[in-house]
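For reference, the chains in residue letters:
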Amino acid sequence: MLSAQSGAVQKAKAAFYKKIGYLYLQQKDYEKAEDRYLRSLEAYLASENTDESTIAEMYNRLGVVYYWKNEFEHAKKYFLMALSQYEAVYGTEHQNVAACHGKIGAVCRKQGDLNEAKEHIFKALEIGQVACGEIHRNTAKYYKDLGEIYEQLGDSSKASEYIKRQKRSLICCWIRI
């Protein structure tokens with residue numbers, strides 16, 4: 001009885017820290033957001049029967065905090081951990097898996113590794129097309145990101161192609177609404 005009770009208390013504590021971390025993130029107080037997310041992750045890991053997708057979400061949230069703190073190595077580490085967890089939970093063709101690839105691509109781009117960024121964004125696009133469809137805002141974002149990367153790489157033709165695809169996808173999104 002005590003173990004089940006302490007597990008419930010740990011989960012409640014973890015959920016509380018996660019919510020407070022989110023509020024700090026919205027206020028751009030990244031130090032406090034990091035602290036609350038780390039406390040939340042610790043509490044989730046200490047509680048029994050924590051859903052693996054929740055752990056993946058916490059890794060993802062920490063990756064976001066580190067991204068905004070310009071701590072790109074930490075961000076990449078946590079996004080990779082989230083990616084691994086999401087793949088274990090959902091398989092390889094889920095929108096959360098695509099989003100992780102997109103975020104890893106963004107980190108690589110910030111670090112100046114445009115080829116690795118392109119690989120991850122392209123993977124995000126492939127998964128996004130399956131998970132969300134061609135006409136979806138996430139798919140459009142991946143097209144835009146690829147267009148910008150190709151522009152940075154000096155391939156104007158490819159850049160133009162992906163930006164056109166992005167616009168087509170966005171227009172179709174608006175028409176569907």
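See the structure shown above.
The following refers to the structure shown. (Residues numbered from 1 in each chain as written. Predicted model: local features only at pLDDT ≥ 70, side-chain atom pairs only at ≥ 80, totals over all residues. Heavy atoms only, no water.)

Points about the packing of aromatic side chains
Moving on, step 1. In this structure the tally under the stated criterion is eight aromatic pairs.
Moving on, step 2. Their ring planes at 50° and their centres at 6.1 Å tell us that Y59 and Y78 sit as a pair that is tilted. Of this pair, Y59 sits in helix α3 (residues 52-68) while Y78 sits in helix α4 (residues 72-90), and the two are 19 residues apart along the sequence. Y78 carries the same exposure label as Y59, and that label is buried. (Phe/Tyr/Trp six-rings, centres within 6.5 Å; stacked < 30°, edge-to-face > 60°. Helix = DSSP H or I, 4+ residues; strand = E, 2+ residues; numbered from the N terminus. Buried < 20%, exposed > 50% of the residue type's maximum accessible area, 1.4 Å probe, protein only.)

Some words on the layout of surface pockets
Moving on, step 1. By volume, the largest pocket is sized at about 780 Å³.
Moving on, step 2. V64, Y67, W68, K103 and K141 are, among the 30 residues lining the largest pocket, the residues nearest its centre.
Moving on, step 3. Residue assignment for the lining of the largest pocket shows that the elements contributing at least two residues are α1 (2-26), α2 (30-46), α3, α4, α5 (95-110) and α7 (137-152).
Moving on, step 4. Split by residue class, the lining of the largest pocket holds 14 nonpolar, five polar and eleven charged. (1 Å grid on protein atoms, 1.4 Å probe; cavity = no way out; pocket = protein on both sides within 12 Å on 5 of 7 lines; lining within 4 Å. Points joined across faces, edges and corners; volume = space filled by probe spheres on them. Nonpolar A, V, L, I, M, F, W, Y, C, P; charged D, E, K, R; others polar.)

A look at the nonpolar core
One recurring pattern in soluble globular proteins is that nonpolar side chains are buried together.
Moving on, step 1. By size, the foremost hydrophobic cluster in this structure holds 44 residues, and its most contacted members are L25 and F79.
Moving on, step 2. For this core, the secondary structure elements donating two or more residues are α1, α2, α3, α4, α5, α6 (114-131), α7 and α8 (156-176).
Moving on, step 3. At nine residues, α3 tops the list of elements feeding residues into this core.
Moving on, step 4. Contacts of L25, omitting those with residues within four sequence positions, involve Y30, A33, Y37, V64 and V65. (Core = buried A, V, L, I, M, F, W, Y, C linked by side-chain atoms within 4.5 Å. Contact = heavy atoms within 4.5 Å.)

Some details on the packing of α3 against α5
Moving on, step 1. Their axes nearest at 12 Å, the elements α3 and α5 cross at an angle of 20°. Classified by the angle their axes make, α3 and α5 are roughly parallel. For the pair α3 and α5, the sense of crossing is left-handed. Along the contact surface, α3 presents N60, V64 and Y67, while α5 presents C100, K103, A106, V107 and K110. (Axes fitted to C-alpha atoms, helices over the stretch in contact; angles between N-to-C directions. Parallel < 35°, antiparallel > 145°, perpendicular 65-115°, else oblique. Left-handed = near helix turned anticlockwise from the far one by under 90°.)

Quick notes on α3
Moving on, step 1. Under the 1.5 Å per step criterion, the end-to-end length of α3 is 25 Å for 17 residues, consistent within 8% with the ideal 24 Å.
Moving on, step 2. When you tally the buried positions in α3, you get 13 out of 17 residues, the bulk of the element.
Moving on, step 3. Within two residues after α3, N70 carries a phi angle of roughly 60°, on the positive side. (Expected span 1.5 Å × (residues − 1).)

Digging into unusual backbone geometry
Moving on, step 1. For K28, which is not glycine, the phi dihedral falls at a positive 65°.
Moving on, step 2. With respect to the element layout, K28 can be found in the loop between α1 and α2.
Moving on, step 3. Phi angles above zero are rare outside glycine, and N49 is one such case at about 60°.
Moving on, step 4. Within the secondary structure, N49 sits in the loop between α2 and α3.

Quick notes on the side chain of H101
Moving on, step 1. Within the secondary structure layout, H101 lies in helix α5.
Moving on, step 2. H101 gets classed as buried once you look at its relative accessible area, which sits at 8%.
Moving on, step 3. Discounting chain neighbours no more than four positions away, the residues touching H101 are L83, E87, H120, I121, K123, A124 and I127.

Some remarks on the environment of E93
Moving on, step 1. On the secondary structure map, E93 appears in the loop between α4 and α5.
Moving on, step 2. The exposed category is assigned to E93, whose relative accessible area is 52%.
Moving on, step 3. With 36 residues separating them in the primary sequence, E93 and Q129 have C-alpha atoms 9.3 Å apart.
Moving on, step 4. For E93, the residues in contact, after removing those within four places along its chain, are I127, V130 and A131.

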